[in-house]
Amino acid sequence: MRLIWCDSRADGKVRMEARSGYTRTPRRCASSRWLTLHVVRETKAMQVNDQQAMQIAINAAYRARLISRPNPWVGAVVVAQTGEIFEGSTSRVGGPHAEINALTNAGKLARGATLYSTLEPCNHTGRTGPCTESMISAGITRVVVGITDPDPKVSGSGIARLREAGIGVEVGVLANEIASQLKAYIHHRTTKRPFVVLKMAMTLDGRTAAPDGTSMWITGETARKRVQQLRAESDAVLVGANTVRVDDPQLTVRDIEGDSPRRIVLGEVSKSARVNPCTQWLGELVDLLDELGSQDVLQLLVEGGPTIAAAFHRENLINQYVFHLAPALTGGNDSLPIFENSGISTMAQLWRGKIVASQQLGDDLEVILEPNSTQQETQI
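Residues numbered from 1 in each chain as written. Predicted model: local features only at pLDDT ≥ 70, side-chain atom pairs only at ≥ 80, totals over all residues. Heavy atoms only, no water.

(A) Layout of the overall build of the protein. Regarding its fold elements, the protein presents eleven helices and 18 strands. Looking at the protein as a whole, 51% of its 380 residues are labelled buried. Counting only contacts in the protein whose residues sit at least 6 apart along the sequence, the fraction spanning at least 24 positions is 70%. As presented, the protein carries roughly 17900 Å² of accessible surface, and 49% of it is formed by carbon and sulfur atoms. (Helix = DSSP H or I, 4+ residues; strand = E, 2+ residues; numbered from the N terminus. Buried < 20%, exposed > 50% of the residue type's maximum accessible area, 1.4 Å probe, protein only. Contact = heavy atoms within 4.5 Å. Areas by Shrake-Rupley, 256 points an atom, 1.4 Å probe, with all protein chains shown as cover.)

Given below as structure tokens:
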């Protein structure tokens, strides 16, 4: 099988590269607006089970992570009766959904095939037509869905329509992995608020800045590049006005491919600040989240200092804590902590979460922490 990956870039140019293990074949993308995987006919049929096929779909979904929002990043796979496999992932808004891209790549071989989709196919007309009708018309005979779509416009109706058309549907294959992959989307659709990620760089003794307020480059280059990835994955990034006055950040995506997020500042800043154009917010945090959620902001990255971090933490508004720990020590208690507030008064009030991931970033360590379910319930 030869796969050609066509990546439409911000500069309008199209980069074509062969995926690992496949042969480069010159083939032009149908549209430079959309991120599309073109699959040329396999030379050998592959035998895959439901879990293996869904894993291919999950991998395809990651390729749509930076471009599909506010639509969910979905992957789809068509396994033809001959054993040939055709992939698709969600395009930019206005373009085809993952299922349609997979069906297009499969062509006539979609008839009698099984289609795997990480998320329930839509059954309504929005910017595009219903994916269910295209699947029915293509002659798909079996559909395997990872998870149902929590969006009220979709939830259950896509599966019901396929079954009504006589197509066998199974739900729940690799559901936990897919729910984790679509965590921000699911949170938005169920709470109407963005998934809030707090990123903090700190020393091993839990300090984020020196007593004089300086805090630049606590962590190394690898960790700083990871922050660029977090920005690219987020629809909006937030800091406090004091951070803007002291550091004058741009808060754009640099050194990696991806769109820069919308910029939010808590407080008022100068018109000459490099963060402009930005949204300046003077109201309550919960009202801000409601407003951003209504504007289809799926993920909000909070990069503020200890005061902003403490405000979000105190109100149980953080869904994921991303801590970057540097092998460094301040050696005292006069430097700024992670959260600048009075904290707990007794161990009975200790906040506990769960570590969901960790990784080495050069000389630094990333630890990702999430609230326990009882704490998450208080955020809604």
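(B) Region of the structure containing a nonpolar patch on the surface. Together, Ile344, Met347 and Leu350 give the surface a local cluster of nonpolar side chains, amounting to about 290 Å² of exposed area. Mapped onto the elements, Met347 comes out in the loop between β16 (336-337) and β17 (353-361). (Patch = residues over 30% accessible without salt bridge, like charges linked within 9 Å, V, L, I, M, F, W, Y side chains within 5 Å. Salt bridge = Lys/Arg side-chain N within 4 Å of Asp/Glu carboxyl O.)

(C) Representation of the sheet that holds strand β5 (residues 85-89). Spatial ordering of the open sheet is given by β5-β4-β6-β7-β8, a layout of five strands whose pairing is mixed. Taken across any chain shown, the strands that pair with only one partner, and hence form the sheet edges, are β5 and β8 (168-171). On average, adjacent strands in this sheet sit at an angle of 15 degrees to one another, irrespective of strand direction. Both strand β4 (residues 75-79) and β5 contribute to a ladder of five bridges, which runs antiparallel. For Val77, the partnering residue across the bridge sits in β5 and is Glu87. (Pairing = 2+ DSSP bridges. Axes fitted to C-alpha atoms, helices over the stretch in contact; angles between N-to-C directions.)

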